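# Structural overview for review
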Amino acid sequence: MISRALKTNRLIRLFGITKVPMIWYCRPKVIEHTDEKIEIRIPLKRRTKNHLGSMYFGVLAVGADITGGFLAMDPIQESGRNIALIFKDFKADFLKRPEGDVHFICRDGLAIKELVKTAASSGERHSYKLNIEATVPSLSPDVVAKFELTLSLKDKT
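Residues numbered from 1 in each chain as written. Predicted model: local features only at pLDDT ≥ 70, side-chain atom pairs only at ≥ 80, totals over all residues. Heavy atoms only, no water.

## Regarding a positive patch on the surface
A contiguous patch of positive charge on the surface is contributed by Arg10, Arg13, Arg27 and Lys29. Note that arginine 27 resides in the loop between α2 (21–26) and β1 (29–33). (Patch = residues over 30% accessible without salt bridge, like charges linked within 9 Å, V, L, I, M, F, W, Y side chains within 5 Å. Areas by Shrake-Rupley, 256 points an atom, 1.4 Å probe, with all protein chains shown as cover. Salt bridge = Lys/Arg side-chain N within 4 Å of Asp/Glu carboxyl O. Lys, Arg positive; Asp, Glu negative; His and termini not counted. Charge placed at Lys NZ, Arg CZ, Asp CG, Glu CD. Helix = DSSP H or I, 4+ residues; strand = E, 2+ residues; numbered from the N terminus.)

Quick look at the structure:
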């Protein structure tokens, strides 16, 4: 049986290749995926570095985006509804220079499941502020960046 993390990795690669090539270019990898949490790593390599040798802030934005978005994908698919996902806003606090592989973690999975249920039953657009933290575990347990993205869902059926 295929693990959930491996399945999500395949979905992210396919989505990157077919819909948003920047995602594919950054080479994200799912480390852990449960109902409550997702953790995604983006490696610090030539293609993701800035001129100072730390991760480019655009790549950090990609990491935050896919972390929140792919935590919502399973509940949306499980609902059996045609639910459109979009982010209404994006706030970032860059706390330290990320000078290694960055891990993005979102622990809002249960709240997202409730949001999907609400959107599916009401037909109205509903939103939730996701919190995503970025760390560089190979260097320190400290958070290097915090992101707040407003996930907006609407049932299109």
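From this point on, the discussion continues.
## Examining the packing of aromatic side chains
Counting across every chain of the model gives six aromatic pairs. Centre to centre, the rings of phenylalanine 90 and phenylalanine 147 are 5.7 Å apart; their planes meet at 55°, and the pair counts as tilted. Remark: phenylalanine 147 occurs in strand β6 (residues 140–155) and phenylalanine 90 occurs in strand β3 (residues 83–94); sequence separation between them is 57 residues. Residue classification places phenylalanine 90 among the partly exposed positions, given a relative accessible area of 39%. (Phe/Tyr/Trp six-rings, centres within 6.5 Å; stacked < 30°, edge-to-face > 60°. Buried < 20%, exposed > 50% of the residue type's maximum accessible area, 1.4 Å probe, protein only.)

## Section: the pairing of strand β4 (residues 102–106)
Residues in a regular strand point their side chains to alternate faces of the sheet. Counting buried residues in β4 gives five out of five residues, a clear majority hidden from the surface. Here β4 shows two buried faces, one formed by Val102, Phe104 and Cys106 and the other by His103 and Ile105. Alignment of strand β2 (residues 38–42) against β4, held across five bridges, turns out to be antiparallel. The residue of β4 that forms the bridge with isoleucine 38 is cysteine 106. (Pairing = 2+ DSSP bridges.)

## Observations regarding the sheet that holds β1
Spatially, six strands are ordered β1-β2-β4-β5-β6-β3 in an open sheet, and the strand pairing comes out antiparallel. In this open sheet, the two edge strands, each paired with only one partner strand, are β1 and β3. For this sheet the average axis-to-axis angle between neighbouring strands, irrespective of direction, equals 25°. Most of the contacts of helix α4 (residues 109–122) go to strand β5 (residues 126–136), to which it runs at about 155°, and overall it touches β3, β5 and β6. (Axes fitted to C-alpha atoms, helices over the stretch in contact; angles between N-to-C directions. Contact = heavy atoms within 4.5 Å.)

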